[in-house]
Every structure is written in structure tokens, then in C-alpha cells.
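Single-letter residue listing:
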Amino acid sequence: MNPQRQLRLTIAFTLGLLLALAPLAAFTQGQAVLRIVRSDSSEFPNMKVWVQANGTNNVPVPDLTAASFKLVESGSPVELVSVTPQSDADTQLSIGVALALDKSMSETVGGDTRLKMATRIVQKLIDQAASTDEIEIIGFSGDVKVGPDDVKERSFTSDKIALGAYLAGVANFNDSAVPTCAAVDKAVNTTANRTGQRAVLLIVAADDTTSTAGNLCTEVGGAASQRRIPVFVIGLNKALAAPELMKLTLDAERIRLVEKDDEWTPFLANLLTTLRRQYVIRYASKAPCDNGEYNLQVTFESKLGNASSFTAIKATPPETPAISLPLKQGQTVSRSLPITLTPQICAKNPVASTALMVDGNEVFRRDQAPFDLFVWDTTKYTGTHSLTARISDSTGKTGESKPVSVQVAGEPLSLALILFVIALVAMVLVFVFLMMRRRTFVPETVYDPGPIPASSGETSGRLVTPLVVPSTAPTPPADTRYTGGGSQAPSSPAKTVVLNRQEAPLAYLVVTKGSTSTQRFPLAAEATIGRDGQKNDVVLDDQSVSRDQAKVRLEGGQFYLYDLASTNPTVVNGRRVEGRHPLQNGDRITMGNVELVFKRV
């Protein structure tokens, strides 16, 4: 072809395409949508969430990465581990096929009629459909008839045999008119009532020849976009007017003009892959391992739109115990003093042991509670090291955290400096103690007898606190305060009588972790524990604690703990309480997010 002629044709095509797109500005494309397909908490706290992110073009967005997504769990951002794209065969598709049966389909291209090529395309679509997918076929030529008895139409079905039988019987109607836009309009209307990922596929070989084609195509394309139904076109004629087809698809990437099988085959395969595109998001949950439900918000951002969606996840303890370290990749830790680490533990069965590994070597181990407290002597290390945590439960199952690379920096403190700091702290404590002793004064309580009626035969009295008299004051006169009846005063001093004396506490529950941290609750014979302030003696104002969580009772000089919660477990030293549990001094009791220590007086 003459280069000048080719250039003119290219310019003409570009101008025609721009003119075709101008009317489409009147239609606003649909907004982006994020659909959370499902979630998996079987390996909690390691979570997996499947999402489908559709852009404003109504098609799943390609090439999203971890940077494209944001996760917020119960109001707190969480860090993604990975995002993996996949084509999910379980995604249900509902595809309406508008198949031209006009006179142009009888023309021969490449040794075969266009109609036969069209039927091969539809048959390939049927063969690759999943068992849950539904396909509709609307045949059209001179007009588009509507009705269940129309021989040109096969309604939505997942029956591949019925679809194949219909396809085998289609034939040309030898009509010259090609109402393409009207056929797509009908396909959009019927597809709009279906579920799953919806789309319309137009297979045509001639341009729309109806008088209202231009305006109708623009309206149909805008309506399809608003109803979130993408339109794809396979044109069996490379001379088709692509600008007119663009009014239907709103996207040049959804049009493919072909004349051979190897030209439409990859287009159809990519169409199905695109409609089934999902993303698998993996992240480490920060929710407590308590079988509770927590809210998760997923957001994606792309050039094709932004959208958010919510779902509920369940913090289900896994069969294999899980443990994670509270460190970030590349985090720097100090070498000056040993550091403590509090790993997150999630286990269905009682924990038997935990251990901290540095570069594959065990440096700290716990075979009894508290299992979630590690001490790492960083003074012996420098540079970069890999840390992992290991956990075993009572059934012998073992779990291991993901390796975390940390940088140990700084210099260890000298022994002389450590001793100086200890001595300084001791001096401060002694000074505070002496000051408190100096300011503390407990006055002596004495008995002051009141008037005693002679006829009553009873005594009465009251507790008084004497005035502190300086040593230089004169000696007070003898006590002549007895004014009662009778012949003589009492021969001996009366005993001190204390009225309404309260029973001294025998033990305490000290809150060491939670919303009421540092609070101390006295215990006597029996006390109930829970969130309900109207019913309980020990009130823990934390949503992770049940309204009636537990009860402490003194039996034969021994305190016992009873678990009353049906959903949130009560844990003592890492073991769940079943029935009643004897309490020992220093026992750590966990109720949701709250931790208490039992202290015996």
C-alpha cells in the first residue's frame, strides 16, 4: 500500500475514533467496586482473604499489588504479607451472547463461512464454562424478537448439552438489516437480572444498518456501564467500523476484529481469565485468639478507581499452635541491655513450651507459664540476625513463626555502670521509705465511758482519739471523768470496743494488663468477676471480658477459681480453666485482653 495512503487512512481512523468517543462523555462510567469473596482463618492468626476488584470500566482490575491494598482490622491498620492474583474457576459467570445471523455471516473467509467461525467461538465459550456458569444466546438478523417461543433465542442456562444443540441448529436468515445495538440492548437487559460476574459478548460481521444505530449504540453503551455489565465484541470482518463499536464497549481493548481462528482464540481466553480474576490477600491478624468475630475493611486504589468493602473474620484458634514475634523486618534493637519480647500466641490446646531461636540456635526456652515472655541477651550479639519463635502444645503439635531479620546496634553497658545505677535506685527507695515512716502517725485509741444510768445495769462508752500533748506541757490531773451512778468507779480500765469492724482481705487480684491496669481488688470469702458493674464484685471494664466471667471462692482455707464464661475462656498460667482451679500466690489469670495476678496476704 502507498505510504501516503496508509497515513491518510490512519489519520481518518483516529479522527473517527475521537468523534465516536465525544458523545460518550455524557455518560458517567460506573464506580469501582470491591467484592470480598471469602476468607479463611483455619491458620489464624495467618489470614487469607479472596477479593475481586472491579474498576470503573466494570471489569476486574489487572496488575494490583500489595501496595494497591489497605487493610484495617477493628479500627487498626494491619500489614499485608502478600497479594497474589489468580483466575478462580469458582467465580460464577453470566454471559449473554448476541450472535448475528444476517446475510453477511454466509460470506466465506479463509475457506469457511463466517457463521461457522461464529459457532466455533460460541462452542469454545461453552466448553470452557464452569458447571456453575450460565450462558444465553440471542440470534438476530432483520429484527430482534422477544419471547420464550422465539426460535432465535436460548435463555440463560448452565446446560452445555442444550446450548450445543441450539448452536448446531442456527442458520442464516439472509436479512440485510443488522440491528446490532438493539440486540446488545436486549442482551444487557436479560444479563442484568443474573448473578455473579456478568458480561455481554457480541459476535457480528456487518455494521449496524438501522437508521437509529448511532444514538441507540451510545445509549446502550452508557446503560450497560451504569448497570456494571461490560460489553465485548468479536468482529468477523476487519472492515467493521470500530468507532461505532466503541459506543457499545467504551473501551478499545474489548474489541477484536478477526478473520482467522488463531486471532480470536487468545482474545476469548483472556476474556474468561479477566472475568474470573481475583486476588488472594495474606496478612497476620492482630485480633485476640478468642473465637470472637472482628470487623475487616479492605480498600484498593488504582488508576481504574478506588473502592472499599467490609467483612467479618473469626479469630479461630488453629489445630496447629501459632506464635509470632512483635518485631518488624529490619528493626533495630539495642545491645546495651537484654531485651524482653512478648510473642503473640494462638493455640487450640494447652501450651507445653515456647522457645526463641536466633540464627537457628535456641537461646531462650519456657516449659511453664508465662509462655509469652522471652528474654534475649542482646549484649552477646552484634550485626544482623534472624529470629524465630517455636511453640508446642500438649498434643505434641509444633508451630514456628516466620523469620524476622533484626539489627543489633550499640554497645553493652559496663558492669560498673550497672552497679552504680542499682545503688542509686536503692538509695532513692530507702529515702522514700524513711520519708513515709516519718510522716505516718497512728494515734492511740482509748476508751471514754459515758454516763451510766444507775438503774440500767449496763455500760456505755465511745472511742476517742486523745490530743497529742507536747512533752513540756504540765502533767494532766487524774482522770475524774466518771460520772455514772453507783457507789464506786470501775476498778480497772475498760477495754477498747471497735464497732462495725470490716473483715480484713485474705488475698488480692491485681490487674497488670488491660484497660484497668494497676487496679487492685480485695478478696474475702467469695467474689464474682465480669464486665457487668451491677452484678460483680470485681468489675473489668473491657469488651473482651464476658459480663459474668468467673468466680473466686474460699473453701477450707484454699482459694478456687471457677470459669463462668460460655465463649471467652478463663486462662491460668496459659491453661484454660475447666470446672474449678486452685489458685496459688503469683498465678497469672487471663480474661480476654485483661491479665490479673493473684496475691495471697
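A brief look at the structure comes next. Keep in mind it's a predicted model, so treat the numbers as computed, not measured.

**Quick word on the overall build of the protein**
Okay, so step 1: When helices and strands are counted, the protein shows 8 helices and 39 strands.
Okay, so step 2: Taking all 601 residues of the protein together, the buried fraction comes to 40%.
Okay, so step 3: Sequence separation of at least 24 residues holds for 63% of the intrachain contacts in the protein that already meet a minimum separation of 6.
Okay, so step 4: Approximately 32700 Å² of the protein is accessible, and the part contributed by carbon and sulfur atoms is 53%.

**A few points about the side chain of D102**
Okay, so step 1: Here D102 lies in the loop between β6 (93-100) and β7 (108-109).
Okay, so step 2: Salt bridges are absent for the buried D102, whose nearest opposite-charge side chain, R114, sits at 7.9 Å.

**Overview of the sheet that holds strand β1 (residues 33-43)**
In a beta sheet, neighbouring strands are held together by backbone hydrogen bonds and run either parallel or antiparallel to one another.
Okay, so step 1: Across the sheet, which stays open at both edges, the 4 strands sit in the order β1-β2-β14-β5 with antiparallel pairing between neighbours. Strands with a single pairing partner mark the edges of an open sheet, and in this sheet they are β1 and β5 (80-87). On average, adjacent strands in this sheet sit at an angle of 20 degrees to one another, irrespective of strand direction.
Okay, so step 2: Pairing geometry for β5 and strand β14 (residues 277-284), over 7 bridges, is antiparallel. Bridge assignment links T84 to a residue of β14, and that residue is V280.

**Things to note about the sheet that holds strand β32 (residues 538-539)**
Okay, so step 1: Here 5 strands make up an open sheet; going across it, the order is β32-β31-β33-β34-β37 and the pairing mixed. The open sheet is flanked by β32 and β37 (580-582), the only strands paired with a single partner.
Okay, so step 2: Across 6 bridges, the pairing between strand β33 (residues 550-555) and strand β34 (residues 558-563) is antiparallel. The residue of β34 that forms the bridge with K551 is Y562.

**Topic: empty space enclosed by the protein**
Okay, so step 1: By the definition in use, this model includes 2 cavities of 30 Å³ or more.
Okay, so step 2: Reported here for the largest cavity is a volume of approximately 60 Å³.
Okay, so step 3: Considering the residues around the largest cavity, the lining is formed by 15 residues, among which N58, S225, T249, L250 and R254 are closest to the centre.
Okay, so step 4: At 3 residues, the largest contribution of residues to the lining of the largest cavity is made by helix α5 (residues 213-226).
Okay, so step 5: Its residues assigned to classes, the lining of the largest cavity comprises 6 nonpolar, 7 polar and 2 charged.
Okay, so step 6: Put simply, the second largest cavity is a space of about 40 Å³.
Okay, so step 7: Taken together, A129, A130, D133, I135, T157, S158, K160 and L163 make up the lining of the second largest cavity.
Okay, so step 8: Grouping the constituent residues of the lining of the second largest cavity by class yields 4 nonpolar, 2 polar and 2 charged.

**Observations concerning the nonpolar core**
General note: in soluble globular proteins, nonpolar side chains tend to be found buried as a group.
Okay, so step 1: Counting 60 residues, the largest nonpolar core has L201, L202, I203 and L236 as the members making the most contacts within it.
Okay, so step 2: Here this core gets 7 residues from one element, more than from any other, and that element is helix α2 (residues 114-128).
Okay, so step 3: Apart from residues no more than four positions distant in its own chain, L202 is found in contact with A98, F140, T180, V184, F232, V233, I234, L245 and L248.
Okay, so step 4: Counting 27 residues, the second-largest nonpolar core is a separate cluster that includes V49, V61, V78 and C346.

**Some words on the packing of α2 against helix α7 (residues 261-275)**
Okay, so step 1: Between α2 and α7, whose axes approach to 11 Å, the crossing angle comes to 30 degrees. The pairing of α2 with α7 is recorded here as roughly parallel in orientation. Crossing of α2 over α7 shows right-handed handedness. Residue-level inspection shows M117, R120, I121, K124, L125 and Q128 of α2 in contact with α7, the latter providing D261, W264, L268 and L272.
Okay, so step 2: Broken down by class, the residue content of the contact of α2 with α7 amounts to 6 nonpolar, 1 polar and 3 charged.

**A few points about the environment of P326**
Okay, so step 1: Residue position: P326 is located in the loop between β17 (322-324) and β18 (331-334).
Okay, so step 2: Take P326: its relative accessible area is 43%, and that puts it in the partly exposed class.
Okay, so step 3: On a C-alpha basis, the gap between P326 and T342 in space is 6.7 Å, while along the polypeptide they are 16 residues apart.
Okay, so step 4: Apart from residues lying up to four places away in sequence, P326 is in contact with Q331, T342 and P343.

**Some details on the side chain of Q52**
Okay, so step 1: Locating Q52 in the fold gives a position in strand β2 (residues 46-54).
Okay, so step 2: A distance of 3.4 Å separates a polar side-chain atom of Q52 from the backbone oxygen of R277.

**Quick look at unusual backbone geometry**
As a rule of thumb, non-glycine residues mostly have phi less than zero, and peptide bonds are mostly trans rather than cis.
Okay, so step 1: Residue P45 is bonded to the preceding F44 through a cis peptide linkage, with omega at 10 degrees.
Okay, so step 2: Here D63, not a glycine, exhibits a phi torsion of approximately 60 degrees, which is positive.
Okay, so step 3: The backbone of N291 shows a phi angle near 65 degrees, a positive value even though the residue is not glycine.
Okay, so step 4: Along the chain, N291 falls in the loop between β14 and β15 (293-302).

**A look at the environment of N295**
Okay, so step 1: Position of N295 relative to the elements: it lies in strand β15.
Okay, so step 2: According to the relative accessible area criterion, N295 is partly exposed, its value standing at 38%.
Okay, so step 3: Spatially, the C-alpha atom of N295 lies 6.4 Å from that of I313, the residues being 18 residues apart in sequence.
Okay, so step 4: Not counting residues up to four positions away in its chain, the partners in contact with N295 are V72, E73, S74, F310 and T311.

Thresholds applied
Residues numbered from 1 in each chain as written. Predicted model: local features only at pLDDT ≥ 70, side-chain atom pairs only at ≥ 80, totals over all residues. Heavy atoms only, no water. Helix = DSSP H or I, 4+ residues; strand = E, 2+ residues; numbered from the N terminus. Buried < 20%, exposed > 50% of the residue type's maximum accessible area, 1.4 Å probe, protein only. Contact = heavy atoms within 4.5 Å. Areas by Shrake-Rupley, 256 points an atom, 1.4 Å probe, with all protein chains shown as cover. Lys, Arg positive; Asp, Glu negative; His and termini not counted. Salt bridge = Lys/Arg side-chain N within 4 Å of Asp/Glu carboxyl O. Pairing = 2+ DSSP bridges. Axes fitted to C-alpha atoms, helices over the stretch in contact; angles between N-to-C directions. 1 Å grid on protein atoms, 1.4 Å probe; cavity = no way out; pocket = protein on both sides within 12 Å on 5 of 7 lines; lining within 4 Å. Points joined across faces, edges and corners; volume = space filled by probe spheres on them. Nonpolar A, V, L, I, M, F, W, Y, C, P; charged D, E, K, R; others polar. Core = buried A, V, L, I, M, F, W, Y, C linked by side-chain atoms within 4.5 Å. Parallel < 35°, antiparallel > 145°, perpendicular 65-115°, else oblique. Left-handed = near helix turned anticlockwise from the far one by under 90°. Polar contact = N/O pair within 3.5 Å; in protein donor to acceptor, adjacent residues only side chain to side chain.

By themselves these figures say nothing about function.
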